[in-house]
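What follows is each chain in one-letter form.
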Amino acid sequence: MARPSPNSPPTEFFFALDRNHENVDSFYNKKFAEAHRRLKLLQDRYGRSPDVVAADLDDHEVEELMGALLELRNQLRNLQWFGEINRRGFVKITKKLDKRVSHSTTQHRYITTKVDPKPFAKDITIARLVNEINKWLSVLGDSQNIDDGMSDGSTRSVRSLGRVTAKAMMSLPQATLD
């Protein structure tokens, strides 16, 4: 966000601040619409009830759905952070203006009338969607654990034993690696 100079005339300052506000809002709305569309596509494909869906999917489909949900949850969390950080930025910019212009109460008025009504400032919809995704992930994870425990020859469990993280590899002594 390009910050307007508090030393510029108030009309220029607010014009620049409003343009930045519009940029933040349009970016947020665009990214939210994309994430919401992706979640709706997943719901249309797999259904809306995670309990029912988990029982009907094979292991590959469960892993694919979990991967898509994890990516979507990460995007929503980043978008939520984007909104919070930009709201904080508008608060700081207007606070600085109030300090430089004597007897000014611009901050409260600007934040309450221009910033707070926008979805990026206080969006509870993202929190609701993240909770919904977490519920899906919990149910899908539980169904995978049940499947692994019930099948004696679970190939995924066998494959996971052969995987080693890079962090674990770094702590091995060199003689073990040779």
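Above this note sits the structure.
What you see is a predicted model, and the numbers here were worked out from it, not measured in a lab.

Undergrad: Requested: an account of the overall build of the protein chain, with residues and values cited.
TA: Counting secondary structure elements, the protein chain contains eight helices and zero strands. From first element to last, N terminus to C terminus, the protein chain shows the α and β order α-α-α-α-α-α-α-α. Residues classed as buried in the protein chain amount to 35% of the 178 residues present. Of all intrachain contacts in the protein chain linking residues separated by at least 6 positions in sequence, the fraction that spans at least 24 positions is 74%.

Undergrad: Lay out helix 4 (residues 106-115) in plain terms, naming residues and giving numbers.
TA: Residues of helix 4 that are buried include every one of Thr106, Gln107, Tyr110, Ile111 and Val115, and no others. Projection of helix 4 onto a plane perpendicular to its axis shows the buried side chains occupying an angular sector of 115 degrees, all on one side. Across from the buried face of helix 4, at angles greater than 90 degrees, the exposed residues are His108, Arg109 and Thr113. Those residues of helix 4 hidden inside the fold are in contact with helix 1 (10-46) and helix 3 (59-100).

Undergrad: Describe the environment of Val24, with residues and values.
TA: Mapped onto the secondary structure, Val24 falls in helix 1. On a C-alpha basis, the gap between Val24 and Phe82 in space is 8.8 Å, while along the polypeptide they are 58 residues apart.

Undergrad: Account for the packing of aromatic side chains, naming residues and giving values.
TA: The description of two aromatic rings rests on the distance between their centres and on the angle between their planes. Under the counting rule described, the total for this entry stands at six aromatic pairs. When the centroid spacing of 5.3 Å and the interplanar angle of 80 degrees are considered together, the rings of Phe13 and Phe14 count as edge-to-face. A residue is classified by how much of its surface remains accessible, and Phe14, at 24% relative accessible area, is partly exposed. Note on Tyr28 and Phe32: the rings are 6.4 Å apart at their centroids and 5 degrees apart in plane angle, and the pair reads as stacked.

Thresholds applied
Residues numbered from 1 in each chain as written. Predicted model: local features only at pLDDT ≥ 70, side-chain atom pairs only at ≥ 80, totals over all residues. Heavy atoms only, no water. Helix = DSSP H or I, 4+ residues; strand = E, 2+ residues; numbered from the N terminus. Buried < 20%, exposed > 50% of the residue type's maximum accessible area, 1.4 Å probe, protein only. Contact = heavy atoms within 4.5 Å. Arc of directions from axis to C-beta. Phe/Tyr/Trp six-rings, centres within 6.5 Å; stacked < 30°, edge-to-face > 60°.

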